Amino acid sequence: MQQTLKAFWQRQRDIWFFNVRGDLIAGIVVALALIPEAIAFSIIAGVDPSVGLYASFSMAVVIAFTGGRPGMISAATGAMALLMVTLVAEHGLQYLLAATLLTGVIQLLFAWAKLGRYMMFIPRTVMVGFVNALAILIFMSQVPYLVDGDTTMWVLVSVGLLILYGLPLIPGYPRLLPPPLVAIVVLTIVVYYMGLPTMEVGDMGELPDGLPVFLFPDIPWNLETLQIIFPTAFSLAVVGLLESLMTAQVVDDLTDTPSGKNREAQGQGIANIVTGFFGGMASCAMIGQSVINIKSGGLGRLSTLSAGLYLLFFILVLGDLVSIIPMAALVAVMIMVSIATFDWSSLTTLHKLPRTDATVLIVTVGVTVVTHDLSLGVFAGVLLSAVFFARKMVNAVHVESERPEGSRIRTYKVRGQLFFVAVDKFIDSFDYRERIHHVVIDLSEASLWDSSAVAAIDKVVAKFRRNGMEVEVKAPPGQSGELHDKLAQHDKEGGASEPGGH
């Protein structure tokens, strides 16, 4: 019993308490950065600021226990907020809460189907494009504060950036004291005691003064309601999982540690269900705040949990103090995050990449930035990668032939991968007009991927037979042979007498 308890404590210590000071300090910085973001995203969605703030608190706390990526922050996001606008405008908050619940259920179904493993099909160029696009969007979200701001805003942002980048260069500077937190505190003190007129967090919206309460959405629970909320919920579920799993991959790379993608998908689903019951909007992982957390020393689940708890503490207990934090401080932090997030090496290596890879990267960034929709950008990049891959695979099949002198038998040796994109090249590789008696098609070194490959073989056989030649097909081994035997018609009675389609 004692050994069991000791092993349990050691396991919890390795998960929760291996980086206590770093996690707790990073949680403060993340919580402060979450407040204006949550308020801004609530405004975008057309709901009260409390909806975004409660969602950020709930998501951070729940995902700390259920998520598969320690150190990653989940909260209200702009990508999700944009998908809610129409539903909120046409049907109101209660339908949004119901959609949030359904979002969580759909994400659980995705997790149980183990869709997280399909992250392997997202090429590196799409990942880099995703990260760079997010960095650009984070920066662009801060531009209005600079454009609409006055000289005071510009000076304060400049001082904040000087602190953020200057402090780490000071010899002996304590690494456990994150520059973002120092910048926020210093600029707040300067603005308060000098009485500088500038935009503050409180100007973004009124902070809630009470705890979130458990509630069921006040809607009719019927098929009509499901028809109303399902399209939005499905979009939220897909975009939320996509952004969360991509962010998890980014944090994996930053920390050189693995994460459980399917567990993260399951955790996102559970967290969204809890959030919907506590009056919050559907949310997902945030790459900006996750990078802030890592850069501030947060590595474990405790950093995510503390960020959520600090957030609630700040808005309920220290709401008056939080309200006077100058937006310039948070703008400076987010600019630093955007610079740190962008993969600058991708610019210097872009001209060295194959033209197809460079095109995929640029299209991913362009579509994401123009539409402000991460899912569209990633979808465009993956689709374009698939098209380029398919074009390359046209040359993956090779047909060689030999005919001994004086013989009326020609043997065609097929090597490589045969599937739908290579079918036309395969069919055109044979000489159907040659005056010979017998043709051997040797597939022993070929791999058949789909029914189009088998249909192409039938078509080739039919062409030869139509010209009066005898055809012998040597089937490929293994699964390709099984596919051939199951679908091929040329070896069936009356089969492959006419060209087949593909």
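Residues numbered from 1 in each chain as written. Predicted model: local features only at pLDDT ≥ 70, side-chain atom pairs only at ≥ 80, totals over all residues. Heavy atoms only, no water.

### Some remarks on the nonpolar core
Across soluble globular proteins, nonpolar side chains show a tendency to be buried alongside one another. Formed by 90 residues in total, the largest nonpolar core has its most connected members in Ile35, Leu53, Met84, Phe130, Met281, Ile292 and Leu311. Tallying contributions element by element places helix 2 (residues 20-45) first for this core, with 12 residues. Core analysis: the next-biggest nonpolar cluster, separate from the first, contains 26 residues, Ala422, Phe426, Val454 and Ala456 among them. (Core = buried A, V, L, I, M, F, W, Y, C linked by side-chain atoms within 4.5 Å. Buried < 20%, exposed > 50% of the residue type's maximum accessible area, 1.4 Å probe, protein only. Helix = DSSP H or I, 4+ residues; strand = E, 2+ residues; numbered from the N terminus.)

### Let's talk about helix 5 (residues 93-112)
With 20 residues, helix 5 should cover 28 Å at 1.5 Å per step; its first-to-last C-alpha distance of 29 Å lies within 8% of that length. Of all the 20 residues making up helix 5, 15 are buried; the element is thus mostly covered by neighbouring parts of the structure. Remark: Lys114 follows helix 5 within two positions and exhibits a positive phi of approximately 55 degrees. (Expected span 1.5 Å × (residues − 1).)

### Structural notes on the packing of aromatic side chains
Two descriptors summarise a pair of aromatic rings, namely the distance from one centre to the other and the angle between the planes of the rings. Enumeration according to the criterion identifies 19 aromatic pairs in this entry. Plain terms: the ring middles of Phe214 and Phe277 are 5.1 Å apart, the flat faces sit at 25 degrees to each other, and that makes the pair stacked. Here Phe214, found in the loop between helix 8 (179-194) and helix 9 (223-255), pairs with Phe277, found in helix 10 (residues 261-277); they are 63 residues apart in sequence, far enough to count as distant. Judged by relative accessible area, which is 19%, Phe277 ranks as buried. With a centroid separation of 4.7 Å and 55 degrees between ring planes, the pair formed by Tyr412 and Phe430 is classed as tilted. Of the two residues, Tyr412 sits in strand 4 (residues 409-418) while Phe430 sits in the loop between helix 18 (423-427) and strand 5 (438-448), which places them 18 residues apart along the sequence. (Phe/Tyr/Trp six-rings, centres within 6.5 Å; stacked < 30°, edge-to-face > 60°.)

### Section: the pattern of salt bridges
Side-chain pairing between opposite charges can occur once the charged atoms of the two side chains come close. For the structure shown, the criterion picks out 8 salt bridges. The salt bridge involving Glu434 is made with Arg403; its shortest N-O contact spans 3.1 Å. Of this pair, Glu434 sits in the loop between helix 18 and strand 5 while Arg403 sits in the loop between strand 3 (397-402) and strand 4; the two residues are 31 residues apart in sequence, bridging distant segments of the chain. Given the relative accessible area of 14%, Glu434 is considered buried. Through salt bridges that share partners, Glu400, Lys413, Arg415, Asp442 and Glu445 make up one connected network. (Salt bridge = Lys/Arg side-chain N within 4 Å of Asp/Glu carboxyl O.)

### Quick notes on the confidence of the model for the protein chain
Within the protein chain, residue pLDDT values average 86, and 96% of them lie at 70 or more. Scored below 50 in pLDDT, residues 498-502 shows 13 contacts in the model against residues more than four places distant or in partner chains. (pLDDT = per-residue confidence, 0-100. Contact = heavy atoms within 4.5 Å.)

### Considering a nonpolar patch on the surface
Nonpolar side chains collect at one region of the surface, where Leu223, Leu226, Phe230, Phe234 and Val238 lie side by side and expose about 430 Å² of accessible area between them. Structurally, Leu226 can be placed in helix 9. Here Leu226 falls in the partly exposed class, since its relative accessible area comes to 38%. (Patch = residues over 30% accessible without salt bridge, like charges linked within 9 Å, V, L, I, M, F, W, Y side chains within 5 Å. Areas by Shrake-Rupley, 256 points an atom, 1.4 Å probe, with all protein chains shown as cover.)

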